[in-house]
Amino acid sequence: MDGNERTTLNIEGMTCASCVGRVEKALSAVDGITDVAVNMATETAQFTADKPAVLAEAAQILETLGYPARTSKVTLNIASMSCASCVGRVDKALAEVPGVVSVSVNLAAETAAVEFLDGAMTVSDLMVASAASGYPAELSDADASQSRAERKADEARALSRRVALAAALALPVFILEMGAHLIPAFHHFIANSIGIQTSWLIQFVLATLVLFGPGLQFYAKGIPALAKGAPDMNSLVAVGTGAAWSYSVVATFLPGLLPEGVRAVYYEAAAVIVVLILIGRWLEARAKGRTGAAIQALLSLQVRTARVLRDGETVEVDVDTLAVGDLILVRPGERIPVDGDVTEGTSNVDESMITGEPVPVAKSAGAAVTGGTVNGTGSLTFRAARVGADTTLAQIIHMVEEAQGAKLPIQGLVDRVTLWFVPAVMAFAVLTVVVWLILGPDPALTFALVAGVSVLIIACPCAMGLATPTSIMVGTGRAAEMGVLFRKGDALQALSEVGVVAVDKTGTVTEGKPTLTDIVLANGFDRQQVLGQIAAVEALSEHPIAEAIVRGAENEGVDLPQAETFRSVTGYGVTASVNGQDVMVGADRYMNREGIEVAPLQDTERDLAKRGRTALYAAIDGRLAAVIAVADPVKPESRAAIETLHRAGLHVVMITGDKRETAEAIAKETGIDQVIAGVLPDGKIAALDDLRARGRKIAFVGDGINDAPALAHADVGIAIGTGTDVAIESADVVLMSGDLRGVVNAVEVSRRTMANIRQNLIWAFGYNVALIPVAAGVLYPAFGILLSPVFAAGAMALSSVSVLANALRLRRVAPAMSETTSPPAQTKSVSEHGARQIGGTT
C-alpha cells in the first residue's frame, strides 16, 4: 500500500448509528488516518492511511472497542521452498503486505496460510509479494472469502434459527402470564392447578433460557460497552430486559423485599422483547443482503475461466492467469472474460449489462470488446488488452463499492445526534423511573419499571443509522444497472441540488465524428494542393476535426506530403512546414494573432458557421489560402434528453470553443437554453464560475482531455464513458452510455435517492421524537395509556424494517430515458441542412 491510499475495512458488531459514531471517532483519533467514513449498511469503514503500519493499529483499536475488523483466511501453494530460510523469507514477505494479520508457512506441505483484514488487500497482493521474494504462489483455497450477500444470507439463516428457538421458549411464558391477565378464567385455572408460584418458576426457567441463550449477544456486547462508558443499542436492550428479568427474579425468589402490592413478574416482557428484536434483526439481515443485489449482479458477470489459443491449441485456463496479449476464443452465447480487441470473427455483443443499452453492438476485427458482456451468435477471437483489476467491469465494481461506502453531507447531522443519543436515552430512562417513583400512583415501582424499560427499548437508534446508507447502497446500485456510475458518493447528493447543466459540444451533444463538407479557396490557389498541405499538417494532430480533414482528403485520393516542425497552439490552431512552405490552420483568432487578413473569406466563413459547420482558415506562407469546414452531426438523442432536463427544471448551457454562429445553430436544433462560445480550454473554468455566481450549482458534462479541468471544477463533473480516461478520472459521475440520456437518468436516480433518504430520516427521527415520550408515560395522566415494553420492542423492530423496505423501493426506479426513448420526429442533423460536396467554390 502506498501512502495516502484509500483503504476499506469490513467491521463486525455495528448495530446502530451510535456504533457508527464511536467507530468513526476512534479511527479518526489514530495518527496517520484521515477522511474516515463509516457505513452501517455496508458494514465498512473507509479511510485514507498515510503509511501501512497504521492498519494494524486501527485493527487493534477496533478490537478493543468491541467492533473488530472482519478477517479472511487463504491458503497459498508456494513453489521453490527448500529449507527453513526459504520459509523465513516467504513468511517475512507475506507478513509485510499491509493488512496481513498472521502467516503460517509449512515447508512440508509447501503452503502458506494467511489471515488478513478483509477489504484492506486482495489475494493477488499476497501472490505478487511471494513471487517478488522469489517464491511463486498460486491460490490453493478458492473459498478465501465470502461475498457480502453470502455473509448476510448466512447471518439471516443463523438468526432465523435463533428466532425459532427463542419464540418456542417464549410462547409458553407469554401464554402463562398474559393469558392469566387477559382471561380471568385462565388465571383461576393456573392458580387452582399448578399454582401461581409454580407458573412463575416455569416462566423463570424459560425466560432465562431465552435471555441467556438466543439473547446472550445483547448482554455479551451491551454490558462491556456500558462498562466502558460508551453504551450502544445492545446496552439499551440488555439494561431494559435485564431490569425486567431481575425485578421478576426478586418477586419470584425474594418476595419479602418488595411491597405486597408490587409483587409481579415481567418474564414475558423480557422474553418477548428478545424475540421481537431478533425478528427485527433477522428481517434486517435479509433486507441488507438485498440492498447489495446490484454489486452481486455485477460480480456475477465476471467469468471464472477462459479459452486461450496457445501454440494452435485451445486451452481452458483460470481468468486470473490471463495476461495482456493473450488470444482468447469466445463461442456463441458465452460471456466475454476480459477487455480486448477483436482479431477475427464477427458477431453481435449484448453490452446492456455494462452500458444499460439493450441493443446488441456489431463486432468485427478491430472492434473493442468488454469483459462481462455476452457474445451473440458468432464466434470471436480477441487479444486481451486489460485483465484483472484493470478491466472495465472490475473498475465499475470498484467505483460502485466506493460510492456505496461513502458518507453524504446529510449524514453529518445524523452522526452528531446519534453520538450522544444512547447516553441521553439512558439518562432519560433513569429520569422517567425517578419521576414515576415520586409522582406516580400505586404501585409506583411497577409503573416506573414498565416506563423505564419501554423508554430503553423503543429508543434504539437503529433506524437512524440505516436511513442514509441503505438508500445510498440501493440507489447507486440501481444507477449502475442503468449505466450511471457515481465515482464519488457525495455526488449523489450534489447532483440532486444542481440547477444548471453545462455541456461540452463535441462528443457530448454531437457525435464527435465530424466529416469534411466544404473547402472554399482564395484566389490563386489550387484545391488539390491546398487540401493536401492542410491534411498533411492535420495528420499530426489528434483532434477529431483534424481526423475528419485527413479522412476527407484520403477519400478524394489526395496524396499527403510530409509535414515537419509541427506545432499545436492550444485553443488557436496548428502549424507545420510542408514542402518548404509554412502552413497554418486554425480559427480566425489564430489568423488575427499572426497578422493574416481574413476579410476575403470572412463572409463565407460566417455563412458556413450559421449552417452549423465548424469552419477553419488555412494560410500558406502568410497568405490566406482557404476556408475549410466540417460538420459534426448532432446525436439523435440529444434533443429529447435536453427536453427532459428542461421538464426537470434544469437550465442547459453549452460551453464550446467553436464559433458562436456554429454553436447557436446546434443550440437551436437541440433546444439548449444558453451558449457560451469561443471558449479556450482554460476559459471553461471561468465560464463555470460565471454561471455559479448566480447562486446555482453546476453540473458539467464532457468527454475530452480538454474537459478534465472543467469536470474537476464543476460542483458535479459528469463524464461520458466513451470519452478519455483522463476525463473519466476527473469526473464525479461516469455515464457508460455515450449520450445525454445518461445525464437524465443520473439526475433522476439522484433526486429519487435523496427523496428516499429524507423520507427515512423523517421516519427515524419522527419515530423517536413521538414515541419516547409515549413510552415514558406522557399520555398516562390524561388517557391512562402506558406503553408495554413488548409493544415498544415491536415498534422498534418495525422502525428499522420500515426504513430498509423504503430504501429497497429504489430498486424499482425506472430509467427516465432509455434506448427505446425516441427523439422528436423533427430532429435533424446539422449536416442535413444544405450540405455541399467537398470542393465548393474555387
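The written sequence of each chain sets the order in which its residues are numbered from 1. It should be noted that, the model being predicted, local features are given only for residues of pLDDT at least 70 and side-chain atom pairs only at 80 or more, the latter also being counted only at that level, while totals for whole chains, interfaces and linings use all residues. To get the side-chain values, all heavy atoms of the structure are used, and hydrogens and water are removed first.

Asks: Outline the sheet that holds strand E14 (residues 368-369), listing residues and values.
Replies: DSSP bridges decide pairing: two strands pair if at least two such bridges lie between them. Helix and strand assignments come from DSSP, with helices taken as H or I runs of at least 4 residues and strands as E runs of at least 2, each series counted from the N terminus. Pairing within the open sheet is antiparallel, and its six strands lie in the order E9-E8-E10-E16-E11-E14. In this open sheet, the two strands that pair with only one neighbour each are strand E9 (313-318) and E14. Relative to E14, strand E11 (residues 339-344) is paired through two bridges, and the arrangement is antiparallel. Bridging from a neighbouring strand, Asp-341 pairs with Ala-368 of E14.

Asks: Give me the lowdown on the packing of aromatic side chains, citing residues and values where you can.
Replies: Aromatic rings in a pair are described by how distant their centres are and how their planes are angled relative to each other. Geometry of aromatic contacts follows a simple scheme: Phe, Tyr and Trp rings, the Trp one being its six-membered ring, pair when their centres are within 6.5 Å, and the pair is stacked under 30 degrees between planes, edge-to-face over 60, tilted otherwise. Taken as a whole and judged by the stated rule, the model has 12 aromatic pairs. Measuring from centroid to centroid gives 5.4 Å for Trp-436 and Phe-447, while their planes differ by 25°, and the two rings are stacked. You can see Trp-436 sitting in helix H14 (residues 411-439) and its partner Phe-447 sitting in helix H15 (residues 444-458), a full 11 residues away along the chain. Each member of the pair, Trp-436 as well as Phe-447, is classed as buried. One aromatic cluster in this structure is built from Phe-204, Phe-212, Tyr-219, Trp-245, Phe-253 and Tyr-267. One Lys or Arg, Arg-593, reaches over the ring of Tyr-572 and ends 5.0 Å from the middle of that ring. Whether a residue is buried, partly exposed or exposed follows from its accessible area with a 1.4 Å probe, protein chains only, as a fraction of its type maximum: under 20%, in between, or over 50%, in that order. The criterion for a charge sitting over a ring is simple: Lys NZ or Arg CZ within 6 Å of the ring centre, and within 35 degrees of the ring normal.

Asks: Account for the nonpolar core, naming residues and giving values.
Replies: Only buried Ala, Val, Leu, Ile, Met, Phe, Trp, Tyr and Cys residues count toward a nonpolar core, and they belong to the same one when joined by side-chain atoms within 4.5 Å. Core analysis: the biggest nonpolar cluster contains 140 residues, and Phe-486, Leu-495, Val-716, Ile-718, Val-733 and Val-743 have the highest contact counts within it. A total of 13 residues in this core trace back to one element, the largest contributor, which is helix H28 (residues 741-776). Beyond its immediate stretch of four places on either side in the chain, Val-716 contacts Ala-491, Ala-494, Leu-495, Val-498, Ile-698, Ala-699, Phe-700, Asp-732 and Val-733. It only takes one pair of heavy atoms within 4.5 Å for two residues to be counted as in contact.

Asks: With reference to specific residues and values, describe the pairing of E9.
Replies: Strand direction decides the pairing type here: strand E8 (residues 305-310) and E9, joined by six bridges, are antiparallel. Bridge pairing links Thr-305 to Asp-318 in E9. Here E8 hands over to E9 after two residues, with Asp-311 in that stretch at a positive phi of 55°.

Asks: Give a detailed account of unusual backbone geometry, specifying residues and quantitative values.
Replies: For the peptide bond that leads from Asp-442 to Pro-443, omega is -5°, which places it in the cis range. Mapped onto the secondary structure, Pro-443 falls in the loop between H14 and H15. Positive phi, close to 55°, is recorded for Asp-35, a residue that is not glycine. Assignment of secondary structure puts Asp-35 in strand E2 (residues 33-39). Overall, Asp-35 belongs to the exposed group, its relative accessible area being 54%. In the Ramachandran plot, Asp-621 falls in the positive-phi region, its phi being about 50° despite a non-glycine side chain. With respect to the element layout, Asp-621 can be found in the loop between strand E23 (614-620) and strand E24 (623-631).

Asks: How would you explain the confidence of the model for the protein if you had to name every residue and give the values?
Replies: In this model, the protein carries an average pLDDT of 82, and 88% of its residues clear a pLDDT of 70 or more. Per residue, pLDDT captures the predictor's confidence, and it can take any value from 0 to 100. This stretch, residues 141-145, has a pLDDT under 50; its non-local contacts, to residues over four places away or in other chains, come to eight contacts. In this model, residues 822-842 is a region of pLDDT below 50 whose contacts with residues beyond four sequence positions or in other chains number 50 contacts.

Asks: Can you break down the sheet that holds strand E26 (residues 674-676) residue by residue, with the values?
Replies: Strand pairing in a sheet takes place through backbone hydrogen bonds and is either antiparallel or parallel in direction. Across the sheet, seven strands lie side by side as E17-E29-E28-E27-E18-E25-E26; this open sheet has mixed pairing. Looking at which strands have only one partner, the edges of the open sheet turn out to be strand E17 (484-486) and E26. Strand-to-strand, the axes of this sheet are offset by a mean angle of 20°, without reference to chain direction. Bridge count between strand E25 (residues 651-655) and E26: three bridges; the pairing is parallel. Every axis in this analysis is a line fitted to C-alpha atoms, fitted for helices over the stretch in contact. Angles between the N-to-C directions lie between 0 and 180 degrees.

Asks: Could you give an account of the environment of Gly-366, with specific residues and numbers?
Replies: Looking at where Gly-366 falls in the secondary structure, it is placed in the loop between strand E13 (361-363) and E14. On the basis of relative accessible area, Gly-366 is assigned to the exposed category, the value being 60%. Remark: the alpha-carbon pair of Gly-366 and Val-342, spanning 24 residues in sequence, is separated by 5.2 Å.

Asks: Outline the pattern of salt bridges, listing residues and values.
Replies: For this analysis, a salt bridge means a side-chain nitrogen from Lys or Arg found within 4 Å of a carboxyl oxygen belonging to Asp or Glu. By the definition in use, this model includes 21 salt bridges. Between Asp-504 and Lys-684 there is a salt bridge; the shortest N-O distance is 3.2 Å. Taken as a pair, Asp-504 in the loop between strand E18 (498-503) and helix H18 (505-509) and Lys-684 in helix H25 (residues 683-692) lie far apart in primary sequence, 180 residues in all. Accessibility expressed as a relative area gives 2% for Lys-684, which makes it buried. For Arg-660, the salt bridge identified is with Glu-664, shortest N-O distance 2.8 Å. With Arg-660 and Glu-664 both in helix H24 (residues 660-670) and four residues apart, this pair spans about one turn of that helix. One connected set of salt bridges, linked through shared partners, spans Glu-12, Glu-43 and Arg-70.

Asks: A description of the packing of helix H23 (residues 638-647) against H28 should follow, citing residues and the corresponding values.
Replies: With their axes 8 Å apart at the nearest point, H23 and H28 run at an angle of 25° to one another. Overall, the two elements H23 and H28 adopt an arrangement that is roughly parallel. Both H23 and H28 take part in a crossing whose hand is left-handed. For the pair H23 and H28, the contacting residues are Ala-641, Thr-644 and Leu-645 in the first and Arg-741, Val-743 and Val-744 in the second. Polarity classes work like this: nonpolar for Ala, Val, Leu, Ile, Met, Phe, Trp, Tyr, Cys and Pro, charged for Asp, Glu, Lys and Arg, and polar for all others, with Gly in that last group. Grouping the amino acids of the contact of H23 with H28 by side-chain chemistry returns four nonpolar, one polar and one charged. Small angles under 35 degrees read as roughly parallel and large ones over 145 as roughly antiparallel, with 65 to 115 read as roughly perpendicular and the rest as oblique. Helix crossings fall into two classes, left-handed where the near helix is turned counterclockwise from the far one by less than a right angle and right-handed where it is turned clockwise.

Asks: Kindly report on the pairing of strand E4 (residues 71-78), identifying the contributing residues and their values.
Replies: Every second residue of E4 is oriented toward a common face, the buried set being Ser-72, Val-74, Leu-76 and Ile-78 and the non-buried set Thr-71, Lys-73, Thr-75 and Asn-77. Looking at chain direction, E4 and strand E6 (residues 111-117) are connected through seven bridges and run antiparallel. Of the residues in E6, the one forming a bridge with Leu-76 is Ala-112. Where E4 lies against strand E7 (residues 137-139), three bridges are found, and the strand directions are antiparallel. Paired with Leu-76 across the strands is Leu-139, a residue of E7.

Asks: Please provide a residue-by-residue account of the environment of Glu-316, values included.
Replies: By the secondary structure assignment, Glu-316 is in strand E9. Under the relative-accessibility criterion, Glu-316 is labelled exposed at 52%. With 11 residues separating them along the chain, Glu-316 and Thr-305 place their C-alpha atoms 6.5 Å apart. What Glu-316 contacts, discounting residues up to four positions off in sequence, is Thr-305, Ala-306 and Arg-307. Identification of polar contacts relies on pairs of N or O atoms within 3.5 Å, with a donor-acceptor requirement for protein atoms, meaning one able to donate a hydrogen and the other able to accept it, and with residues adjacent in sequence counted only if both atoms are side-chain atoms. A distance of 3.5 Å separates the side chain of Glu-316 from the side chain of Thr-305, its partner in a polar contact.

Asks: Any chance you could break down the packing of H23 against H24 for me, citing the residues and the numbers?
Replies: It is at 8 Å that the axes of H23 and H24 come closest, and there the two elements cross at 70°. Taken together, the axis directions place H23 and H24 in an arrangement best described as roughly perpendicular. Judged by residue contacts, Ser-638, Arg-639 and Ile-642 of H23 engage Lys-668, Glu-669 and Thr-670 from H24. Across the contact of H23 with H24, the residue classes break down as one nonpolar, two polar and three charged.

Asks: Residue-level account of a nonpolar patch on the surface, with values.
Replies: Patch members must show over 30% relative accessible area and no salt bridge, and they are joined within 9 Å when carrying like charges or within 5 Å when they are nonpolar side chains of Val, Leu, Ile, Met, Phe, Trp or Tyr. Here the open area of atoms and residues is found with the Shrake-Rupley method and a 1.4 Å probe, where only the protein chains shown may cover a residue. On the surface, a nonpolar cluster with roughly 810 Å² of combined accessible area is contributed by Phe-428, Val-430, Leu-431, Val-434, Val-435, Leu-437, Ile-438, Leu-439 and Leu-445. Here the nonpolar patch gets eight residues from one element, more than from any other, and that element is H14. Along the chain, Phe-428 falls in helix H14.

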